Amino acid sequence: MDAPATSDIVIINGNSHPDLANLIANRLGVANGGCAVYHKTNRETMVEIGDSVRGKDIYIIQTGTKDVNNNIMELLIMAYACKTSSAKSIVGVIPYLPYSKQCKMRKRGCIVSKLLAKMMCTSGLSHIITMDLHQKEIQGFFDCPVDNLRASPFLLQYIQESIPDYRNSVIVARNPGSAKKATSYAERLRLGIAVIHGEQKESEADEVDGRNSPPTLPKSRTMDVSGGVPIHPAKEKPPINVVGDVGGRIAIMVDDLIDDVQSFVAAAEVLKDRGAYKIYVLATHGLLSQDAPRLIEDSAIDVVVVTNTIPHEIQKMQCHKIKTIDISILLAEAIRRIHNKESMSYLFKNVTLED
């Protein structure tokens, strides 16, 4: 990878993922900017930037972890510190965007992703680089350009190079909502697809989207229902079933995020019962909250593959089934192209996987 053409590039990072920041800086051939982020005794976040940023292009590397609210405040304060220090441009490199799952209106709630986007733009961020958003439409919440990079080329390469006899595999969507992603993987690998149907999706249930607060009785010339507004029929969870043949095959479940692994463990049990002899789980972001390592270790899942968008070294020590793919080369190439004002379309079509 070529080094940046000019020397006015500065990379700084918060406390969320310093290892990833160092990997990106090394690949770009630049030194880390030396930004100190710490907490005072009253838990207020303090930021001290060691080098001058006046007139320079600043790239702030900060991802979302379990300490999500501190991660956000560190990012906002770093961006505002660069803005008030007359930085030329401030680009937020946020591999995992926090609160990205809260991108839909829920019962008497709010769309938190929109709030976060406004805060980021107000703090001074002029560009966002992220990876595999939970919903691509989140890009529309931002008043600045957003590059939503894809980790799928790395995961596809892992399947082709690290899974023996992958031609005998089937791509599995653990619920109908994941079928689109699974179909994309299956088409690129020329494999079949299976869908697990009947798993209850808590966050997508109609009971929490506001529709059980009935509107006032409408005045209509064409509708006259005795007894008021009809009651919305409740969903009834069907028995869990696998649509597609997984008998004697390798089952590969794909998703964008692994957080609470209960649903993956339950899906793996169903696949095992249907005859799958090996089960892989591939995802971009490995948050792996609570006792996820223990649950994975005791489950029918054979291997969990995630990228290093989120630090998970402790979880790897607790579970030998967790494997990591380094995606720092993709983020470094995105920074280089933005800095040199080159086209980004190459990264979305034919991502180079060689160092």
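Keep in mind that this is a model prediction, so the values were computed, not measured.

1. Concerning the overall build of the protein
Here's step 1: Within the protein, the secondary structure is distributed over ten helices and 14 strands.
Here's step 2: Taking all 355 residues of the protein together, the buried fraction comes to 49%.
Here's step 3: Taking contacts inside the protein between residues at least 6 apart in sequence as the whole, the part at least 24 apart equals 67%.
Here's step 4: On the protein, roughly 17,800 Å² of surface is accessible, and the fraction owed to carbon and sulfur atoms is 51%.

2. Structural notes on the nonpolar core
Here's step 1: Membership of the largest hydrophobic core comes to 50 residues, with the highest contact counts inside it found for Ile24, Ile129, Leu149, Ile171, Ile252 and Leu331.
Here's step 2: With seven residues, helix α9 (residues 328–339) is the largest single contributor of residues to this core.
Here's step 3: Shared between two domains, this core holds at least three residues of each, these being domain 1 (9–149) and domain 2 (153–198 + 239–325).
Here's step 4: Apart from residues lying up to four places away in sequence, Ile129 is in contact with Val91, Gly92, Val93, Ile94, Pro95, Asp147, Leu149, Leu331, Ala334, Ile335 and Ile338.
Here's step 5: Membership of the second largest hydrophobic core comes to 32 residues, among which are Val37, Ile60, Ile72 and Val146.

3. Details of the pattern of salt bridges
Here's step 1: Under the defined criterion, the tally for this structure stands at nine salt bridges.
Here's step 2: Note that Asp255 and Arg174 form a salt bridge whose closest N and O atoms lie 2.9 Å from each other. Of this pair, Asp255 sits in strand β11 (residues 250–258) while Arg174 is found in the loop between β8 (169–173) and α5 (179–189), placing the two residues 81 residues apart along the sequence.
Here's step 3: Residue Arg337 is joined to Glu333 by a salt bridge in which the shortest nitrogen-to-oxygen separation is 2.8 Å. Here Arg337 and its partner Glu333 are both found in helix α9, four residues apart, which amounts to about one turn of the helix.
Here's step 4: Judged by its relative accessible area of 12%, Arg337 falls in the buried class.

4. Concerning helix α2 (residues 68–84)
Here's step 1: An ideal rise of 1.5 Å per residue puts 24 Å on 17 residues; α2 measures up with 25 Å between its terminal C-alpha atoms.
Here's step 2: Residues of α2 that are buried include every one of Asn70, Asn71, Ile72, Glu74, Leu75, Leu76, Met78, Ala79, Ala81 and Cys82, and no others.
Here's step 3: As for α2, its buried residues are in contact with β1 (9–13), β2 (35–39), β3 (45–49), β4 (57–61), β5 (89–94) and α3 (112–123).

5. Topic: the packing of α2 against α3
Here's step 1: Interhelical geometry of α2 versus α3 gives an angle of 25 degrees and a closest axis separation of 8 Å. Taken together, the axis directions place α2 and α3 in an arrangement best described as roughly parallel. Residues Ile72, Leu75, Leu76, Ala79, Tyr80 and Lys83 of α2 form the contact with α3, whose participating residues are Leu116, Met119, Met120, Thr122 and Ser123.
Here's step 2: Considered class by class, the residues forming the contact of α2 with α3 number eight nonpolar, two polar and one charged.

6. Topic: unusual backbone geometry
Here's step 1: Phi is positive for Leu288, which is not a glycine, with a value near 50 degrees.
Here's step 2: Owing to a relative accessible area of 0%, Leu288 belongs among the buried residues under this scheme.
Here's step 3: Even without glycine at this site, Lys341 takes up a positive phi of about 55 degrees.
Here's step 4: Structurally, Lys341 is set in the loop between α9 and α10 (345–349).

7. Examining the sheet that holds strand β10 (residues 241–243)
Here's step 1: Spatial strand order, β10-β9-β8-β11-β12-β13-β14: seven strands in an open sheet with mixed pairing. Edge positions in the sheet fall to β10 and β14 (322–325), since each has one partner strand and no second. Across the sheet, the axes of successive neighbouring strands diverge by a mean angle of 25 degrees, strand direction being ignored.
Here's step 2: Relative to strand β13 (residues 303–307), strand β12 (residues 278–286) is paired through three bridges, and the arrangement is parallel. Pairing of Val281 across the sheet is with Val304, part of β13.
Here's step 3: Contacting β11, β12, β13 and β14, helix α4 (residues 152–162) runs over the sheet at an angle of about 160 degrees to β12.
Here's step 4: Where α5 meets the sheet, it contacts β8, β9 (192–197) and β11, and its direction lies at approximately 160 degrees from that of β8.

Here is what the cut-offs are and how they apply
Residues numbered from 1 in each chain as written. Predicted model: local features only at pLDDT ≥ 70, side-chain atom pairs only at ≥ 80, totals over all residues. Heavy atoms only, no water. Helix = DSSP H or I, 4+ residues; strand = E, 2+ residues; numbered from the N terminus. Buried < 20%, exposed > 50% of the residue type's maximum accessible area, 1.4 Å probe, protein only. Contact = heavy atoms within 4.5 Å. Areas by Shrake-Rupley, 256 points an atom, 1.4 Å probe, with all protein chains shown as cover. Core = buried A, V, L, I, M, F, W, Y, C linked by side-chain atoms within 4.5 Å. Domains from an automatic or database assignment. Salt bridge = Lys/Arg side-chain N within 4 Å of Asp/Glu carboxyl O. Expected span 1.5 Å × (residues − 1). Axes fitted to C-alpha atoms, helices over the stretch in contact; angles between N-to-C directions. Parallel < 35°, antiparallel > 145°, perpendicular 65-115°, else oblique. Nonpolar A, V, L, I, M, F, W, Y, C, P; charged D, E, K, R; others polar. Pairing = 2+ DSSP bridges.

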